[in-house]
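Structure at a glance
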Amino acid sequence: MPGVAALVRRTALAAWAGTGPAAVTIALDNDRTIRRLNARHRDRNKPTNVLTFEYPGDYPSEHAGGPTGGDIMIALETVRREAQAAGRPIRHHLAHLVVHGILHLRGHDHHQAGEARRMEMAESRILGRLSVPNPWKYRAGIAGGGQ
């Protein structure tokens, strides 16, 4: 995918905006690697679209009291399959998953209905600023697969 690094960086910066400085690493990998991580850290022996790993609260950060950052792992094979199944451009789905992962690092979650709705609304706002259509108007549930 041409320009994927620029897309990921621009999307991550938009999603992190206003939060303060922190270290965030985003890795794009294959289903096999993500399946292993998902099995090791979530006891789910299958690939997922995105996994997030927050840095511990004592991780050095210039933004005391705020999110410390973390690692985001995205399975590109899963992203392609999900985007095709939903009839969405892969670039849009990838941007959605980057936003989803960043919001997890910022403290959002989707385990309860109210939390999920607030997270979806935040995703939609950020993606709208990037000219990416609201993913929740396409098909609900696609981005909620990982954490």
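The structure contained in this document is the topic of the report that follows.

The rules behind the values
Residues numbered from 1 in each chain as written. Predicted model: local features only at pLDDT ≥ 70, side-chain atom pairs only at ≥ 80, totals over all residues. Heavy atoms only, no water. Pairing = 2+ DSSP bridges. Helix = DSSP H or I, 4+ residues; strand = E, 2+ residues; numbered from the N terminus. Axes fitted to C-alpha atoms, helices over the stretch in contact; angles between N-to-C directions. Contact = heavy atoms within 4.5 Å. Expected span 1.5 Å × (residues − 1). Buried < 20%, exposed > 50% of the residue type's maximum accessible area, 1.4 Å probe, protein only. Parallel < 35°, antiparallel > 145°, perpendicular 65-115°, else oblique. Left-handed = near helix turned anticlockwise from the far one by under 90°. Nonpolar A, V, L, I, M, F, W, Y, C, P; charged D, E, K, R; others polar.

**Notes on the sheet that holds strand E1 (residues 23-29)**
An order of E1-E3-E2 is seen for the three strands of this open sheet, with the pairing classed as mixed. Of all strands in the sheet, those bounded by a partner on one side alone are E1 and strand E2 (50-54). The mean inter-strand angle of the sheet, taken between neighbouring strand axes irrespective of direction, is 15 degrees. Sheet contacts for helix H3 (residues 76-86): E1 and strand E3 (69-75); angle to E3, the most-contacted strand, approximately 60 degrees.

**As for helix H4 (residues 90-105)**
Taking 1.5 Å of rise per residue, 16 residues should cover 22 Å, and H4 covers 23 Å from first to last C-alpha, within 8% of that figure. With respect to burial, H4 is a largely interior element, 13 of its 16 residues being buried. Downstream of H4 by a residue or two, Gly107 has a phi angle that is positive, lying close to 105 degrees.

**Examining the packing of H4 against helix H5 (residues 113-129)**
Where H4 contacts H5, the axes come no closer than 10 Å and their chain directions differ by 125 degrees. Considered as vectors, H4 and H5 are oriented oblique to each other. Seen from above, H4 lies across H5 with right-handed handedness. On the side of H4, the interface is formed by Ala95, His96, Val99, His100, Leu103 and His104, while H5 contributes Met119, Ala122, Glu123, Ile126 and Leu127. Counted by class, the contact of H4 with H5 contains seven nonpolar, three polar and one charged residues.

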